[in-house]
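# Fold and contact review
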Amino acid sequence: MKCDKTREMLSLYIDKMLDDNLKKEIEEHISTCNLCKKEYDDIMEIVTHLNEVEMVSVPKSFEHRLKNALQHERSKISDSKIIAISDKKKNKLRMLTSIAAIFAVGLISVGLYQDIIGGVTDQLDGTAQLAQDQVMQERVMNNETESDLYNSKLYKSNLDEAIDEKQKFEIKLDVADDVQSSDALKPRMSIYGYTDDNSEPGSTKALVPENYVDNPSVDGDSDGYSKDYSTMMTSEEFSRALTIQAIERNVAAVQFYKGLIEDNLRDFNYEILESDFVQAGECRFRIYIFNSKEGYVFNEEIIAIGKDGEIEFIYTNEFMGL
Amino acid sequence: MDGITVLIISNNIVLEKDIEMSADSKEKQLIKKAKMGDENSFESLILGCQGRAYNIALQYLKNEDDALDALQESFIKIFRSLKTFNGDSKFDTWVYRIVVNTCNDMLRKNNSRKNTDSIYWNDGEKEAVLEIPDSSNAPEDLYDKKEKRDHILSCLEKLNPEQKEIIILRDIHGFTYEEISEILNCSIGTVKSRINRSRLRLRETLLEQS
C-alpha cells in the first residue's frame, strides 16, 4: 500500500472500521514507512487526549429556567389551541349558515314553483267551468237536447280554448318527451270529442291541436298565459339551479376541510395532490408530506377524510402523531 | 451442577436482554406520554440527554451563556416538534441533531459580529478567512496531560466549523459514524472522509503551533 492510500484510510484504521485485509496492509505499511508511522502516532495521541476531555455539568439554575420556558411555551400552545377551536367553531357556523341559506332558497323555489302550478291549474279549471256554465245557460234558454249541445259551436270554442291552455301548460312541463306526452295526451283529450262543422254530423275525433307539439306558444289566443310561463322556472332550469347549489355546497365543504388540514399540518411542508367530494358528505384528500418544519424528511403520501365537520388522517405513521 | 450453571448463565443473558428491552420500551412509553402532553415524561426524556447536549453546545459555542441559550432553544424546539419524531432514529440522536442545528444557527448569526475567539482556517487549498495569534500563548513547556489537551482544544478552534464539529462529535463525544451521519444528516461516506481530513488538519495545526 502507498502512503497516499494509507493517509486516506488512517482514521478508519484508528476507529477499527477496516476489514482484516486492509488492516493488515496498513499495518505492514506503517511498520516500514516512518512518515506514515509518525502521522499515525500523532493522530492516535490527539484522539486519545480528546477522548479524555471532561464533561462539564449543567448549571443548576438551568432547571428552573427551562421549566419557566416550557411553561411559557405550554401557555402559548393552549392559547393558540383556543384560537384554533374558535376558528373551527366559526368555520362550522359559517358552513351551517351556508347550508341553511341554500336550503331556504331551495324551499322558496319549490314553494314558488308549486304556487304557480296551483294557480295555473285553478285558472284553467275556472275557464273550463265557465265554458260549461255558459253551455248550461244556453241549454236552459234554448231547450236544446244534450246531443245538440255537444255540437254547438259555443261549447266547442270555449272548451277548445280551455283545453288548449291546459295542454300548453303540460307541454311546458314535459318538454323533453314530446312524443310520449302527445301519446299520453291523446286518449285524455278524446273524452272531449266533438263534431267538426266540416265533417259529417255525429262523427267524433280526438282533439289534438295542430300546434301543441311543434310550437306550443304560437297560438294567439293564449298569448297571455304563454308570456307568464316564459318567466317561470321550467323543470330543467330548476334542476340546473339545484345542481349549482349542490356544487357550491361541495366547494364550501372542500374549503372547510382544507382549513382543518392546514390547522393539523401546520408543522409540515405538504401539498394537497387531489381533493374529491365523495358521496354522503365525505371529502377525500390525497396529501404529500415533504418534511416537518424542523427538518425531518418524510416524503410520504397520506389520505385525509373530511366528514361531519371533522378531519381524519389515515395511512400515517403512528409516530407522526397526527 | 453443570446444568445449574448453564441455567444461571442463560438466565443472565435473558435478564440483560430484558433490561435492554425494558429500557427501550420505557423510552417509547415516555415518548408516547410526552406526545400526549405529559410534562413529567417530557422532562424525564430531556434529562437523559441534557448533560451531553450542554457539553456539545459548549464546545460549539465556547461560551456558557450562549450554550445555555442554545440548550433552552433546542429543548423548546424539541417540545414543539415532538409529535413529528417518527422513531426512525434514536431519541437522543434526534435531540443532538436539533442541538447541533441550533448551535450552527447561532454561530451563523454571531458570525456577523466577528467574534475574535472563533477564528478558523479553511482547508489548505482555500484561502484563510481570518488569522489571529493564539491567545493561549502556545507554551512549549505544556507537556502534562491537561495542558496538552487544552492545547489540542485551542487548535481545534482554528479548524473550520465543519471540521471542528465532526471532531467534537467523534473524538470528544464518541458518537459512531452512523450516529454522526444521522446528527449531521449526511452519508456515512461523507462522515468517513470528513473525520479523516479533519484529524489530519488538526495535526497540521498542532505542528504549526508548536
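About the criteria used
Residues numbered from 1 in each chain as written. Chains lettered and ligands numbered in written order. Predicted model: local features only at pLDDT ≥ 70, side-chain atom pairs only at ≥ 80, totals over all residues. Heavy atoms only, no water. Pairing = 2+ DSSP bridges. Helix = DSSP H or I, 4+ residues; strand = E, 2+ residues; numbered from the N terminus. Axes fitted to C-alpha atoms, helices over the stretch in contact; angles between N-to-C directions. Phe/Tyr/Trp six-rings, centres within 6.5 Å; stacked < 30°, edge-to-face > 60°. Buried < 20%, exposed > 50% of the residue type's maximum accessible area, 1.4 Å probe, protein only. Parallel < 35°, antiparallel > 145°, perpendicular 65-115°, else oblique. Contact = heavy atoms within 4.5 Å. Buried area = accessible area lost by both parts, 1.4 Å probe. Salt bridge = Lys/Arg side-chain N within 4 Å of Asp/Glu carboxyl O. Polar contact = N/O pair within 3.5 Å; in protein donor to acceptor, adjacent residues only side chain to side chain. Nonpolar A, V, L, I, M, F, W, Y, C, P; charged D, E, K, R; others polar. Patch = residues over 30% accessible without salt bridge, like charges linked within 9 Å, V, L, I, M, F, W, Y side chains within 5 Å. Areas by Shrake-Rupley, 256 points an atom, 1.4 Å probe, with all protein chains shown as cover. Lys, Arg positive; Asp, Glu negative; His and termini not counted. Charge placed at Lys NZ, Arg CZ, Asp CG, Glu CD.

All names here are of chain A. The four strands are arranged β1-β2-β3-β4 in an open sheet whose pairing can be described as antiparallel. The sheet is open, and its two edges are formed by β1 (268-278) and β4 (310-314), each paired on a single side. Neighbour-to-neighbour, the strand axes of this sheet turn through a mean angle of 25°, independent of strand direction. In this sheet, β4 lies alongside strand β3 (residues 297-307) in antiparallel orientation, the contact comprising five bridges. The residue of β4 that forms the bridge with I305 is E312.

We now examine the packing of aromatic side chains. All names here are of chain B. Following the criterion strictly, the structure yields nine aromatic pairs over all chains and no others. Aromatic side chains F42 and F79 sit 5.2 Å apart centroid to centroid with 75° between the ring planes, which places their arrangement in the edge-to-face category. Separated by 37 residues along the polypeptide, F42 in helix α2 (residues 39-61) and F79 in helix α3 (residues 64-81) bring together distant segments of the chain. Accessibility assignment for this pair places F42 and F79 in one class, buried. Ring plane angle 40° and centroid distance 4.9 Å describe the contact between F85 and W94, whose orientation is recorded as tilted. Exposure remark for F85: the relative accessible area of 2% places this residue in the buried category. Through a chain of ring-to-ring contacts, the aromatic side chains of F85, F91 and W94 assemble into a single cluster.

Residue and element names in this part refer to chain A. A positive phi angle, near 55°, is found at K16, a position not held by glycine. Within the fold, K16 resides in the loop between α1 (3-14) and α2 (20-32). Of the residues examined, K16 reaches a relative accessible area of 74% and is grouped as exposed.

What follows concerns the environment of I99 of chain A. Residue and element names in this part refer to chain A. Of note, I99 is situated in helix α4 (residues 61-142). The exposure class of I99 is partly exposed, given its relative accessible area of 35%. Between the C-alpha atom of I99 and that of A253, which follows or precedes it by 154 residues, the distance is 9.9 Å.

Let's shift gears to the packing of helix α3 (residues 34-51) of chain A against helix α8 (residues 188-209) of chain B. Here α3 of chain A crosses α8 of chain B at 95°, and the two axes come no closer than 10 Å. By the angle class used here, α3 of chain A and α8 of chain B are roughly perpendicular. Within the contact between the two elements, α3 of chain A uses K38, E39, D42, I43, I46, V47 and L50 of chain A and α8 of chain B uses R199, L200, L202, R203 and L206 of chain B.

If you look at the interface, chain A gives 50 residues, while chain B gives 50 residues. Where chain A abuts chain B, roughly 4800 Å² becomes buried across the two surfaces, and 59% of that area is made up of carbon and sulfur atoms. For the pair chain A and chain B, the interface holds 10 salt bridges. Note that R7 of chain A and E204 of chain B form a salt bridge whose closest N and O atoms lie 3.8 Å from each other. For the pair chain A and chain B, the number of links is 16 residue pairs in polar contact (both at pLDDT 80 or more).

Attention now goes to the pairing of strand β2 (residues 282-292) of chain A. Residue and element names in this part refer to chain A. In terms of strand pairing, β1 meets β2 through 10 bridges, oriented antiparallel. When the sheet's bridge partners are listed, V278 is paired in β2 with E282. Two elements, β2 and β3, share eight bridges in a ladder whose sense is antiparallel. Looking at the pairing, N291 lines up with V297 of β3. Between β2 and β3, which pair antiparallel one after the other, the connecting turn spans four residues, and G295 there sits at a positive phi close to 110°.

Structurally, V56 of chain A can be placed in the loop between α3 and α4. Setting aside residues no more than four positions away along its own chain, V56 of chain A makes contact with Y54, N55 and L58 of chain B.

Residue and element names in this part refer to chain B. At their nearest, the axes of helix α6 (residues 161-172) and α8 sit 9 Å apart, and the two run at 100° to each other. The angle between α6 and α8 places the two elements in the roughly perpendicular class. Together, E162, Q163, E165, I166, I167, R170 and D171 of α6 and V191, R194, I195, S198, R199, R201 and L202 of α8 make up the contact between the two elements. Among the residues making up the contact of α6 with α8, the classes are represented as five nonpolar, two polar and seven charged.

This part is about a negative patch on the surface. Together, D19, D20, E25, E27 and E28 of chain A give the surface a local cluster of negative charge. Note on placement: D19 of chain A falls in the loop between α1 and α2.

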